[in-house]
Amino acid sequence: MGDKPLIEINDLWVTYWARSAFQLRSKPFHAVKGVSLSIKAGQTLGIVGESGSGKSSLANAVLGLVPVESGTIRFDQHELSAMKTRYPAAVRKQIQAVFQDPFSSLNPSMTVEDIISEPLRVHTKMSNDQRRKLVIELLELVSLSKDHLKRHPHEFSGGQRQRIAIASALALQPKLLVLDEPVSALDVSTQNQIINLLYERRDALGIAYMLIAHDLALVHHISDRIAVMYLGHIVEEGPADRVYKNPAHPYTKALLDAVPLLDPAKQRARRAARKAQPAYDTPRDAQVGCPYKNRCPQVLPKCQTQAPAPFPVKGGGVASCFLVADAQPTSEAL
Amino acid sequence: MKTATNKTHNASMLAVAIPASTILILLVIVSIGAEWIAPYDPLKQSLREALQSPSPAHWLGTDNLGRDVLSRLIFGGRIALISSLEATLIAVVLGVPLGLFIGYRGGWWDWAVMRLVEAVVSIPGIMVAIVIIAILGPGLHRAMIALGILYSTAFLRLARSVVLAEREEVYVKAARVIGASSNRILLRHILPNIAPPLIIQVTLTIGAVLLAEAGLSFVGLGVQPPGASWGTMLNTAATYMALNAFLAVPPGLAIVITVLSVNLLGDVLRDSVGRGIAISVKPTTPTAKFAESTTTSQPKADDILHIQGLQVVVNSKDGSEFPVITDLSFSIKKGETLGLVGESGCGKTITGLSILGLIGTGGRVTHGTINLNNTELTSFSTQQMEQIRGDEVAMVFQDPTTSLNPAFTVGDQIAEVLRVKQGMTKKQAWARAVELIDRVGITRPAERAKAYPHELSGGMAQRIAIARALSCNPKLLIADEPTTALDVTIQQEILDLFRDLQDEFGMAILFVTHDLAVAADICDRVCVMYAGELVEMANVDELFAAPRHPYTAGLLSAMPHASDRKPPLPTIKGTVPVPKLWPTGCRFSERCDYSQKACEQLITLTGTTSQVRCIRANEINMGASI
Amino acid sequence: MLRLIGQRLISLIPLLFIVSVLTFSFTALLPGDPVDLIIGDEGTAEQYEMVRERLGMNVPIVTRYFQWLGRAAQGDLGTSFFNSVPVMDAVMQRLPVTISLTAVSALIAVIVGMAAGIAAALNPRSWIDRLATFGATLGQAIPNFWFGILLVAFFAVSLRWFPATGFTPISTSPWEWLRSVTLPALALGLSSSAAIARQVRSAMVGVLQQDYIRAARAQGLSRRRVVFKHVLKNALIPVVAVLSFQITILLGGALIVEQVFAINGLGSLAISAVRQQDIPMIQGIVLVSVFIVVAIQLTTDMIYGFLNPKARPS
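Given the structure is predicted, the values throughout are model-derived calculations rather than measurements.

Calculation criteria
Residues numbered from 1 in each chain as written. Chains lettered and ligands numbered in written order. Predicted model: local features only at pLDDT ≥ 70, side-chain atom pairs only at ≥ 80, totals over all residues. Helix = DSSP H or I, 4+ residues; strand = E, 2+ residues; numbered from the N terminus. Contact = placed C-beta atoms within 7 Å. Rg over C-alpha atoms; globule rule 2.2 N^0.38 Å. Buried ≥ 20, exposed ≤ 12 C-beta atoms within 10 Å, placed from the backbone. Pairing = 2+ DSSP bridges. pLDDT = per-residue confidence, 0-100. Core = buried A, V, L, I, M, F, W, Y, C linked by C-beta atoms within 7 Å. Axes fitted to C-alpha atoms, helices over the stretch in contact; angles between N-to-C directions. Parallel < 35°, antiparallel > 145°, perpendicular 65-115°, else oblique. Left-handed = near helix turned anticlockwise from the far one by under 90°. Nonpolar A, V, L, I, M, F, W, Y, C, P; charged D, E, K, R; others polar. Expected span 1.5 Å × (residues − 1). Bend = angle between axes of the 7 residues up to and from the residue.

Points about the overall build of chain C
Looking only at helices and strands, one finds 12 helices and zero strands in chain C. Shown N-terminal to C-terminal, the secondary structure of chain C runs as helices and strands in the order α-α-α-α-α-α-α-α-α-α-α-α. Viewed in the frame of its principal axes, chain C has a C-alpha envelope of about 85 × 60 × 35 Å. Counted over contacts in chain C with a minimum sequence separation of 6, partners at least 24 positions apart contribute 73%.

Have a look at this one:
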């Protein structure tokens, strides 16, 4: 495959213009602020963040669902950001998606066969028989059967609907699959079924995944690399194991620490170490300095005015934090 | 619970639909065959026979010119039918395509057309019709063109709003990702979803046009004399009211019955073609049998809550009842936090609501006792329950943004409880509300008290909801998934707040959650529920170290952070069965790797301080799966 | 609140502009030449020119629009083609009649509709609910003018409780005014009562299912208090949103109901104007009605803003 990434995002900004009916001026809201990352063919990048972190906007920008304010998205020889959401068929075929809510992501008036064959109708000139054969194959791949062809989405459970969505996304054998919170609407016992299915399909077909989620632990299971987003910025990025086991950025640490442990004794010890905090109600948008300065327990004076650049972390990857830079002051010398 | 078709509902729908459509079909037949069916020529005058009452010769009498009322009524029906269809057709043809176009296109087109529509709508409808008739001149077809143009605004707005709503749906996003063109998305993906509201709007418009045509003809701007229409007949009737009041009855009733039939048919269509209503599970296998409570125990001295053998049933839409909770027993000690854990649909929330007596009209407690602080609640009247609520037991709900009333400030909502339940004055109540808001860790409490719920973040709104729940110092707090809707870092803050407040207020907590890790963090003891029954209960350390029920063990190993291995991750096969399809015997047996023949019989809960509902609990070793 | 009013007023500018253009352009769209209508068949070319000039029809249409708009802004809507009465005077003379009829029927519609809707929503599937729902469906199917005829036949002709026709201004005799307005207002208000009852019922049922209602009950507030404070305020929001639409319908319906009771309101003025193609009169009536509708819309917007904190500009 070589070293050239399948998709390369460089200094990407996504901006929404909040327009109310009465206001003449519109205010910009920057959902994604200068994000750079890349995914190699057949690899999985997990993108983790809380609500409002801009992770879904990033996914939408890659999918060409929202326009790019500035920056570049290069996908397999194509410059996507210049296409302004009008991707040619050659690109559309290669990038598919599965969305979070299995109850609204399938058209209620279409049958399962319609839904799964829709990408084939748009992009291929198959005969009806060929297409049906392929749809049945796809259904079987996601553990459903041809008995389900003529049913409508409302007849399925959440997990089954997500399987249908995956079958439809795989129909064109894309090179990149964007997964936007694919299991967060599902019950615990169903979540892993879908994760296992995704993992198995990836290895069988060599697809790259861009996996968006709020749960670091879940992402960690199937990601090669993990990026952590906070208020539109990527604050840390690196190999999945390193980020999960040795987080460098205070926010990544906070995210991991906030997930309760399944061992009550260890959890008691951990929470004894912290005390009750007041509600976090500082302005969301830190205009100058580090985006995390208002919540950071280890904030330094210089964080108020300077935004930290990404510094390399021991074990791979980068973190945008002065503490990381200070911990390895002479990384070049090593 | 959105299962099973609604038999009684269907029956009442048919009881309306059949007569309504019969009347309309009759109207169509009579209109087509008017020449053969009508006994007289509707225009034939006979002044000697003017203003007669009903007789064998003239079943409905005659009008001022001696014309036969029945014949005029029949020919009037033809006019009503043709004209309402004509105007509705014009309205649909004009309105729908334009509405679809501007809705999907948006931008300048949308703005301009919508301003024009607003302008037309702000002129009273009849006046728009009158003005259009002024331009085109009086007459039936011109009046119908006028009404068609007028009602096209309704179709335009309908089509536009459907497109705007559907455009935001995730499935449209998915279609764009597939690469479907704009036209394809509009025609293949969105258009089929417009059919249900469109059909309803058509019926509404037919009814409205019938009424408007009658009105215009009545004032002489529609059908011109001597033509027979229901409106002109009423005009005659109004003039000769003093001489023959009966003249007003036949055309009026004809209009009412026709419009009523059309509207009722529209209502039936609306109820039956609505999205998602078609969900149906056939009434299958005999409903599961369940064990009536075998053990009886009395509440201990330090029990705040003691539930014994609780069974809750809810109404199915076909009128039958089915259980959603069976044989549920547990107790909570003073100051203790008990976790109620399980996946969606296992009956956790209903348990919480049944303690408060708030299951709603669809459900009721059929067996068992709920003892709160040595008071039996199941026999309480509504008034008695209202006194207990808030003072003795309070509840915090899952979604803080929907559990606070959007129309009142948050301070108001806390102060109201204090005024009503504690008899405080307005001033005292407000001061105490601000204190409580401060206590739950919100900065600038006096200012925040004046905020409306939508002005607060989710975490902050949940703190307010907690403050309100604790305002009367209840002995038991029911927390129903209070952190599920929140981000994980906010969840941690709220969990810490619960613990902190428990130290101060000393209340017991019934903590309902689907997240075992949250239970591990906050609970002293944990009850695991599956399909409406308790399957395991144990001290928190014990449960997580050595789960004894296969379901508990399965859930634990399926937690995302239970391991850091690569897939395949451990799973539980299948899905949680809906209440009507619970298997007889062990309800987990179909998904259990350890199930045997013996699991098909009723399984009872065994043990005292820790309990498990599994006949193989002692023989198989689930082990610490972590 | 002031900002809300200001914003609404600004957003009305395009609306009023479009309505004025539409209204004015009737002149251009009308078939036949009004000048011919006035001078009759025997008119000479000189007479023709004279009348044409008197009507101001000899200047370009755009100029005429702005002249007309300027005069209209000062309250001068021109004079009738037929009896040379100033349109403003004719309209103003008839307006109080139509407005009192509309206002009383709106009051009846709101009271009856709210009561029926609330009663139905609080007792779902009971006989009250069925009765109210059926009554609402029936009410929407009965033509207001027919209902008027029935009311006259029963209460005026048979029982002689109310006058069958005519209208007494409130300034002449409040009692007689009430007697003269009751039957037409009942006839007119029926279908709006039905529409409001349906709206109130569905809004109440929707709000009753909300989490915050359950939460208020869980807090031990009585059912009565929860219904009349927490439910009603939220349920009124969608109702108020359609109220101005209902009043607009009432205003239009008044034109027809007036005919049943031989009331000399805007209705008879409008109908005779249409028959005679009296352009300035039609324009005047439409403009004045739109003005009333806009005023009603502004008022309901205020109430909406009061009820719904989310609608207030921050």
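Brief notes about the overall build of chain A
Scanning chain A from terminus to terminus reveals 11 helices and 12 strands. Since a compact globule built from 334 residues should have a radius of gyration of about 20 Å, the 21 Å found for chain A is in line with a globular shape. Taken along its principal axes, the extent of the C-alpha atoms in chain A is 70 × 55 × 50 Å. Split into buried and exposed, the 334 residues of chain A put 45% on the buried side. Across chain A, the fraction of contacts at a sequence separation of at least 24, relative to all contacts at a separation of at least 6, is 64%.

Remarks on the sheet that holds strand S9 (residues 225-230) of chain A
Read from one edge to the other, the open sheet built from eight strands follows the order S6-S7-S8-S3-S9-S10-S12-S11 (chain A), with strand pairing classed as mixed. A strand with exactly one partner marks an edge of an open sheet, and here the two such strands are strand S6 (95-98) and strand S11 (311-312) of chain A.

Details of the confidence of the model for chain A
Per-residue confidence for chain A gives a mean pLDDT of 87; residues scoring 70 or more make up 91%. Throughout residues 330-334 of chain A the model reports pLDDT below 50, and contacts reaching past four residues in sequence, or to other chains, amount to one contact.

Considerations on the confidence of the model for chain C
All names here are of chain C. With 95% of its residues at a pLDDT of 70 or more, chain C has an overall mean of 86. Mean pLDDT across the elements of chain C ranges from a minimum in helix H2 (residues 34-39), with 69, to a maximum in helix H5 (residues 87-122), with 93. Overall fold confidence for the complex sits at a pTM of 0.85, while the interface term, ipTM, reaches 0.88.

Things to note about the nonpolar core
A:Met210, B:Ala129, B:Leu234, B:Leu476 and C:Ile149 are the most contacted members of the largest nonpolar core, which has 361 residues in total. For this core, the leading source of residues is helix H10 (residues 223-260) of chain C, giving 16 residues. When near neighbours in sequence (up to four residues on either side) are disregarded, C:Ile149 contacts B:Leu234, B:Ala237, B:Ala238, B:Met241, B:Ala248 and C:Val260.

Topic: the sheet that holds strand S10 (residues 533-539) of chain B
Residues and elements named next belong to chain B. Taken in spatial order, the seven strands line up as S6-S7-S8-S3-S9-S10-S11 in an open sheet, and their pairing is mixed. At either end of the open sheet lies a strand with only one pairing partner, and these are strand S6 (393-396) and strand S11 (611-612). Direction of pairing for strand S3 (residues 337-341) relative to strand S9 (residues 525-530): parallel, over a ladder of four bridges. Counted as the bridge partner of Gly339 is Val526 from S9.

Section: helix H10 (residues 230-239) of chain B
Counting buried positions along H10(B) gives nine out of 10 residues, so the element sits mostly inside the fold. Within H10(B), burial applies to B:Trp230, B:Gly231, B:Thr232, B:Met233, B:Leu234, B:Asn235, B:Thr236, B:Ala237 and B:Ala238.

Considering the packing of helix H3 (residues 69-105) of chain B against helix H9 (residues 195-218) of chain B
All names here are of chain B. Interhelical geometry of H3 versus H9 gives an angle of 125 degrees and a closest axis separation of 9 Å. When the axis of H3 is compared with that of H9, the two are oblique. Handedness of the H3/H9 crossing: right-handed. Of the residues in H9, those in contact with Ala80, Ser83, Ser84, Ala87, Thr88, Ala91 and Val92 of H3 are Val202, Thr205, Ile206, Val209, Leu210 and Glu213. When grouped by side-chain class, the residues that make up the contact of H3 with H9 number eight nonpolar, four polar and one charged.

Structural notes on H5(C)
In an α-helix, one turn spans 3.6 residues, which is why side chains three or four residues apart end up on the same side. Here H5(C) spans 50 Å end to end across 36 residues, near enough to the 52 Å set by a 1.5 Å rise per residue. Residue C:Leu95 marks the point of greatest curvature in H5(C), where the axis turns by about 35 degrees; the proline C:Pro96 follows within four residues.

Points about the interface of chain C and chain B
You'll often see interface size given as the accessible area lost when the parts meet. The partner chain B presents 60 residues to the 61 residues of chain C that form the contact. Looking at the side of chain C that touches chain B, the elements that each hand over two or more residues are helix H1 (2-29), helix H6 (127-141), helix H7 (144-158), helix H9 (211-218), H10, helix H11 (266-276) and helix H12 (279-307) of chain C. The leading source of residues in the side of chain C that touches chain B is H10(C), at 13 residues. Taken together, the residues of the side of chain C that touches chain B break down into 40 nonpolar, 15 polar and six charged.

A few points about the packing of helix H18 (residues 458-469) of chain B against helix H19 (residues 488-505) of chain B
Residue and element names in this part refer to chain B. In contact at an axis separation of 10 Å, H18 and H19 are set at 15 degrees when each is read in the N-to-C sense. On the basis of the axis angle, H18 is roughly parallel to H19. H18 and H19 meet at a crossing whose hand is right-handed. Contacts from Gly458, Gly459, Gln462, Arg463 and Ile466 of H18 reach H19 at Ile490, Glu493, Ile494 and Leu497. Grouping the constituent residues of the contact of H18 with H19 by class yields four nonpolar, three polar and two charged.

Things to note about unusual backbone geometry
Put simply, B:Pro567 and B:Pro568 share a cis peptide bond, and its omega is 5 degrees. Examined against the element boundaries, B:Pro568 turns out to sit in the loop between helix H22 (550-558) and S11. With a phi close to 50 degrees, A:Asp76 is a non-glycine residue in the positive phi region. As for its placement among the helices and strands, A:Asp76 is situated in the loop between strand S4 (70-75) and strand S5 (78-79). In this structure, B:Asn374 is a non-glycine residue whose phi angle is positive, near 65 degrees.

Regarding the pairing of S3(B)
All names here are of chain B. Counting buried positions over the five residues of S3 gives five, a clear majority of the element. Neither face of S3 is left uncovered, since the one carrying Thr337, Gly339 and Val341 and the one carrying Leu338 and Leu340 both have all their residues buried. The pairing of S3 with strand S8 (residues 508-513) spans five bridges and is classified as parallel. By the bridge assignment for S8, Thr337 is matched with Ile509.

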